[in-house]
Amino acid sequence: MSRMKNFLHGVEVHRQPHDPTMPSVQLRQVTVSYEGVTALDNITFALAQGDQVAVVGPNGAGKSTLFNLIAGTLKPAHGAVSIYGSGPQGHLCIGYVPQRNRIDWKFPVTVADVVMMGRVGTMGLFRWPRHQDREMVARALDRDSMSALAKRQIGELSGGQQQRAFLARALAQEAQLLLLDEPLTGLDLPSQEAILALLAQLRQQGVTVLVATHDLHQAASHFAKVMLLNRRLIGFGTPQEVLTPALLRQAYGSQLHIIHSAEGDLLLA
């Protein structure tokens, strides 16, 4: 059962209402602690529909914890999390692509099976897919250029193809809020570009996206907003506002290396 949960992560079978006047995501003074250690400290921010945000910070900064809060799989010790005005549990609109190392790639399912799991919240966990469910899966696979791999076992794919299969699952789910936890880590350049191109398409449709990444250059060049996190919210705004030497030093400390070039400071973490 735990292996199945890895593939159904983030899928709920209950519906929560949306208030279109409310932020797509809002955290108010949220704190999370594990055994007396603070993972997130007094986090407050709000996202409008269609925002695409790169979430950056060092290892252990709380990026995955933040995503689990928004997905509703973790509750804060203090503060409140809301999705379109209500609690995060039960929102069919949330698509979550976890880190690849959290998935059991030996689980015997095809790419089409994985994408169909995005329809579970709509059709029910133990019901047979309907015609419209199969159509939605086919459309998601085609849009993500994965149709030719539909019958392949998920474990036989490359890392980039596996990530795109989970993105297709979110498309089939008709997600309005996407949480992508380090989706580009370890992928070759063509796979990264394919995923970034799909995210650019989703921006045009008003899908809110949060992407955890360690690549500051990628965050600055592909996202209009950046969230700089290290247990507390150090900066949130445009790349120019957030990726400054002063704020990056607050987040990364001695892990930050600054290379001076003719074009200006090149910041690496």
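**Description of the packing of aromatic side chains**
Throughout the structure, instances matching the rule amount to two aromatic pairs. Relative to Y96, the ring of F67 lies with its centre 6.3 Å away and its plane at 75°, an arrangement referred to as edge-to-face. Of this pair, F67 sits in helix α2 (residues 63-71) while Y96 sits in strand β5 (residues 94-97); the two residues are 29 residues apart in sequence, bridging distant segments of the chain. When sorted by exposure, F67 lands in the same class as Y96, which is buried.

**What about the sheet that holds strand β3 (residues 52-56)?**
In sheet architecture, strand pairing relies on hydrogen bonds along the backbone and comes in two forms, parallel and antiparallel. Within the open sheet, the six strands sit side by side as β5-β6-β7-β3-β8-β9. Their pairing is mixed. Among the strands making up the open sheet, the edge pair consists of β5 and β9 (232-237). Pairs of neighbouring strands in the sheet enclose a mean axial angle of 15°, with direction left out of account. Set on the sheet, helix α6 (residues 159-172) makes contact with β5 and β6 (177-181); between it and β5 the angle comes to about 170°. Strands in contact with helix α10 (residues 245-252) are β3, β8 (225-230) and β9; relative to β8, the strand with the most contacts, it is inclined by about 40°.

**Some details on the side chain of D51**
Looking at where D51 falls in the secondary structure, it is placed in the loop between β2 (37-47) and β3. Using a relative accessible area of 13% as the deciding quantity, one classes D51 as buried. Non-local contacts of D51, meaning those with residues more than four positions away in its chain, are made with V207, T208, V209 and K225.

**So, the nonpolar core**
Ranked by size, the top nonpolar core spans 53 residues in total, and within it L178 and L228 carry the most contacts. Broken down by element, the residue count for this core peaks at seven residues, all from α6. Excluding anything up to four places from it in sequence, L178 contacts G95, L167, A170, L202, V207, T208, V209 and L210. If you look at the next biggest cluster of nonpolar residues, it comprises 29 residues, including A39, L47, F67 and Y96.

**Here's the deal with the sheet that holds strand β4 (residues 78-82)**
If you walk across this open sheet you meet the three strands as β2-β1-β4, and the pairing is antiparallel. Each end of this open sheet is capped by a strand with a single partner; those strands are β2 and β4. Here the average twist between neighbouring strands, direction ignored, is 25°. When strand β1 (residues 25-34) meets β2, the two strands line up antiparallel, connected through seven bridges. Among the inter-strand pairings, V32 is bridged to a residue of β2, identified as L40. In this fold α2 packs onto β1, β2 and β4, with an angle of close to 120° to the strand it touches most, β1.

**Examining α2**
Burial of α2 is extensive: eight of the nine residues sit out of reach of the surface. Along α2, the residues that are buried comprise K63, T65, L66, F67, N68, L69, I70 and A71. Looking one or two residues beyond α2, the residue adopting positive phi is G72, at roughly 85°.

**Some remarks on the packing of α6 against helix α7 (residues 189-204)**
Contact pair α6 / α7: the axes reach a minimum separation of 9 Å and the direction vectors enclose 15°. One element, α6, and the other, α7, form an angle in the roughly parallel class. Taken as a pair, α6 and α7 cross one another with a handedness that is left-handed. Contact with α6, carried on its side by G160, Q163, R164, L167 and L171, involves S191, A194, I195, L198 and L202 of α7 and no other residues of that element. By residue class, the composition of the contact of α6 with α7 is six nonpolar, three polar and one charged.

Conventions used here
- Residues numbered from 1 in each chain as written.
- Predicted model: local features only at pLDDT ≥ 70, side-chain atom pairs only at ≥ 80, totals over all residues.
- Heavy atoms only, no water.
- Phe/Tyr/Trp six-rings, centres within 6.5 Å; stacked < 30°, edge-to-face > 60°.
- Helix = DSSP H or I, 4+ residues; strand = E, 2+ residues; numbered from the N terminus.
- Buried < 20%, exposed > 50% of the residue type's maximum accessible area, 1.4 Å probe, protein only.
- Pairing = 2+ DSSP bridges.
- Axes fitted to C-alpha atoms, helices over the stretch in contact; angles between N-to-C directions.
- Contact = heavy atoms within 4.5 Å.
- Core = buried A, V, L, I, M, F, W, Y, C linked by side-chain atoms within 4.5 Å.
- Parallel < 35°, antiparallel > 145°, perpendicular 65-115°, else oblique.
- Left-handed = near helix turned anticlockwise from the far one by under 90°.
- Nonpolar A, V, L, I, M, F, W, Y, C, P; charged D, E, K, R; others polar.

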